[in-house]
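Read off the chains here:
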There are 2 protein chains.
Amino acid sequence: MIDTRARRREAKREQILAAAWTLAHRDGLGGISLRELADLVDLRQPSLYAYFESKHALYDAMFEAGNRALVERTRALKPTEDARDAVVDLTRMLLEFVTEDVVRYVLMFQRQIPGFEPSPNSYAAALEFYELVRSKLSAAGVSAQRDIDLFTTLVAGLADQQTANDPGGDRWAGLTDRVLAMFFAEIDSKPTKRKGAR
Amino acid sequence: MIDTRARRREAKREQILAAAWTLAHRDGLGGISLRELADLVDLRQPSLYAYFESKHALYDAMFEAGNRALVERTRALKPTEDARDAVVDLTRMLLEFVTEDVVRYVLMFQRQIPGFEPSPNSYAAALEFYELVRSKLSAAGVSAQRDIDLFTTLVAGLADQQTANDPGGDRWAGLTDRVLAMFFAEIDSKPTKRKGAR
DNA sequence: GTCTATACATCGATAGAC
DNA sequence: GTCTATCGATGTATAGAC
């Protein structure tokens, strides 16, 4: 049956992707060898091309998987009464997401693979996440672009320092609440005119 | 004379380093090809090993040069009356340093070369810079480790976002003053006991 | 789809002659 | 110090049998 064939193919694709993550964790993102990857899934190297048309396509699939996981995780956050609590929960979750798999973080948020650009399809997943963030920020009274940029600065700084200087620990992640309190104090001290304001 | 020989050797080393920066700017850090590098300085590829024992040793020399330049730039900052102004000047200079040469920034502050660890000698230059930062922060009333970590978070965030999302521009660098004002407001709101306090 | 076999270009690195 | 020659590995890709 055609369905069986398609399902087997999809299963093999998933198997290849899982093996790719394994290799990436061991040797780094750039250290994935297609010959070794093929070995891990009982294929010969040229046969990988039946599933991914290039190594970049493999990275692209990994990039998409990472972003879909992040979107899912974001959607699974419990609703909060206060909109700012939602931003706190989001940020905590993001730091956790980032520290639990540094390689995935690097693939998604650092430009480390030379020449790799996400396909429009994969990038859509990334955009979906950013939209969720924007929406939560907006509900918390943060909608000016420069205020959003300030927020991304803080989160990027926490994630960068945490993964680079204390992987596995929480030296910087532990600053999350303090950083956000500081952020909202700054926002409140310079209120921005909003659409609904009189 | 022995001096002449040593000087010629040092000059060739510098020539190789300069060519390496040229290639890195064109092709990225990882894109440096030893064969092309040798061509640029009129050598054959294996002869480079008379000057650098490996490609990592070349990166190490570049890492050290970058850090020495940063230390020099920091020492050249004009003294200020107010200690917090010195931190502002330092941060502005750092953002400028980072944006004027993104490749150098990546080499110095991101872990992008697989397996590259600075030698103790090169790392000493990096430590020298951190000591200067610590000293300026301390003079400005920031000496608790968690407060220093907060500062590094902010600077890392600005540098990361600026270089990654707006290279050549100043979308995030332009937030520097606001970020530092926010930082010092936070510091003042939670004063830390200091050695000299009564 | 998967295989064998092969090819090409590139890479960092090393041996050994001079 | 510099060279030629070479090694072993990589990613990429294709041809052609089954």
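As the structure is a prediction and not an experimental result, all values here were calculated from the model. (Residues numbered from 1 in each chain as written. Chains lettered and ligands numbered in written order. Predicted model: local features only at pLDDT ≥ 70, side-chain atom pairs only at ≥ 80, totals over all residues. Heavy atoms only, no water.)

A. Local environment of the overall build of chain A. When its secondary structure is counted, chain A shows eight helices and zero strands. Every one of the 198 residues in chain A was classed for burial, and the buried ones make up 44%. If you take every contact in chain A between residues at least 6 apart in sequence, the share linking residues at least 24 apart comes to 71%. When the accessible area of chain A is evaluated, it comes to approximately 10,900 Å², of which 51% is carbon and sulfur surface. The average position of the 28 basic charges and that of the 29 acidic charges among the side chains of chain A differ by 4 Å. (Helix = DSSP H or I, 4+ residues; strand = E, 2+ residues; numbered from the N terminus. Buried < 20%, exposed > 50% of the residue type's maximum accessible area, 1.4 Å probe, protein only. Contact = heavy atoms within 4.5 Å. Areas by Shrake-Rupley, 256 points an atom, 1.4 Å probe, with all protein chains shown as cover. Lys, Arg positive; Asp, Glu negative; His and termini not counted. Charge placed at Lys NZ, Arg CZ, Asp CG, Glu CD.)

B. Seen up close, the protein's contact with DNA strand D. Around DNA strand D sit 15 residues, and of these A:I32, A:R35, A:Q45, B:S47 and B:Y51 come closest. Counted by atom, the contact set of DNA strand D within 4 Å of the protein is 59% sugar and phosphate. Between DNA strand D and A:L34 there is a distance of 3.2 Å, counted from a phosphate oxygen to a backbone nitrogen or oxygen. Separating a base nitrogen of DNA strand D from a side-chain N or O atom of A:Q45 is a distance of 3.3 Å. Its residues assigned to classes, the surface near DNA strand D shows seven nonpolar, three polar and five charged. (Near = heavy atom within 4 Å. Polar contact = N/O pair within 3.5 Å; in protein donor to acceptor, adjacent residues only side chain to side chain. Nonpolar A, V, L, I, M, F, W, Y, C, P; charged D, E, K, R; others polar.)

C. Structural view of helix α6 (residues 120-139) of chain B. All names here are of chain B. For α6, spanning 20 residues, the distance from its first C-alpha to its last is 28 Å, which sits close to the expected 28 Å at 1.5 Å a residue. All of the buried residues in α6 are S122, A125, A126, F129, L132, V133 and L137. Along the long axis of α6, the arc covered by the buried residues comes to 135°, so they all point the same way. Across from the buried face of α6, at angles greater than 90 degrees, the exposed residues are P120 and A139. Considering only its buried residues, α6 is in contact with α3 (55-75), α4 (83-100) and α7 (145-165). (Expected span 1.5 Å × (residues − 1). Arc of directions from axis to C-beta.)

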